[in-house]
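Architecture at a glance
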Amino acid sequence: MSQGKGHRIDIFSTMMWVQGGCLLLAAIGFGFSEVALPTVDRTILSSVAWGILGALLSFAAVVALTRSHNRVGRALRWHCGRLAPIFSKMPLVQLVILSIAAGVCEELLFRGFLQTWLSQLSSPLLGLFVASLIFALLHWASLIYVLLIFVFGLILGYAYQVSGSLLGVIVWHAVYDFFALAALAYYPKVLGADRWLSE
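A short tour of the structure in this document, coming up.

Criteria and thresholds
Residues numbered from 1 in each chain as written. Predicted model: local features only at pLDDT ≥ 70, side-chain atom pairs only at ≥ 80, totals over all residues. Heavy atoms only, no water. Helix = DSSP H or I, 4+ residues; strand = E, 2+ residues; numbered from the N terminus. Rg over C-alpha atoms; globule rule 2.2 N^0.38 Å. Contact = heavy atoms within 4.5 Å. Areas by Shrake-Rupley, 256 points an atom, 1.4 Å probe, with all protein chains shown as cover. Lys, Arg positive; Asp, Glu negative; His and termini not counted. Charge placed at Lys NZ, Arg CZ, Asp CG, Glu CD. Salt bridge = Lys/Arg side-chain N within 4 Å of Asp/Glu carboxyl O. Buried < 20%, exposed > 50% of the residue type's maximum accessible area, 1.4 Å probe, protein only. Axes fitted to C-alpha atoms, helices over the stretch in contact; angles between N-to-C directions. Parallel < 35°, antiparallel > 145°, perpendicular 65-115°, else oblique. Left-handed = near helix turned anticlockwise from the far one by under 90°.

1. Remarks on the overall build of the protein
- Along its length, the protein carries eight helices and zero strands.
- Scaling as 2.2 N^0.38, a compact globule of 199 residues should have a C-alpha radius of gyration of about 16 Å, and the protein matches this with 17 Å.
- Considering only C-alpha atoms, the protein reaches an extent of 50 × 40 × 30 Å along its principal axes.
- A sequence separation of at least 24 residues applies to 76% of the contacts in the protein between residues at least 6 apart.
- Accessible surface, the protein as shown: approximately 10800 Å² in total, 73% of it carbon and sulfur.
- One way to put it: in the protein the 12 positive side-chain charges average out to a point 13 Å from where the 8 negative ones average out.

2. Regarding the pattern of salt bridges
- Scanning the entire structure with this criterion turns up one salt bridge.
- Between R111 and E107 there is a salt bridge, with its nearest N and O atoms 2.7 Å apart. Of this pair, R111 and E107 both sit in helix α4 (residues 92–121), four residues apart, which is roughly one turn of that helix. The residues R111 and E107 share a single accessibility class, namely buried.

3. Looking at the packing of helix α5 (residues 124–137) against helix α6 (residues 143–163)
- Where α5 contacts α6, the axes come no closer than 8 Å and their chain directions differ by 140°. Looking at the two axes, α5 sits oblique to α6. α6 is crossed by α5, and the crossing has right-handed handedness. Judged by residue contacts, P124, L125, L128, F129, S132, L133, F135, A136 and L137 of α5 engage V146, I149, F150, F152, G153, L154, G157, Y158 and Q161 from α6.

Okay, here's the thing in structure tokens:
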């Protein structure tokens, strides 16, 4: 086994452990609180459809931001330039598994449990804000990146509040992550990483 493949497997394993930790925390939260695990209702197809649409719109917005000629664009290109080699040529099956794991585990923890629990303790607005802030801080890479993730968390949390569909935000998160990881792994030019490397 080459060192490159071993490095990618370690990244995959590490990320899967992180997702397993999120799932464990969500399970503990649901088990020791009065927050009920959301049920899947009859609107499965519409939840999947708006989740996919949200992911496509989010990815398009991130591509536009990343390719912009301002400070935010430059910072995001820098992150993409740093991340692209880590995910470079990661097998497609691992990208799919990581994306699904992140969508399921992180949304169960941050929207399904934490946002709901905090909303019950205080108010829906405070629950949305604090859960989104914790979600963003746990994705720390830089201030600009955390602000972007915070906004993404607010959007996902608001979509969950309005729709009541955890499935919709799981699909949104998973599909977005798949597009972002696939771009980093196979098409970094889409995210402007080539611009950062040439600057």
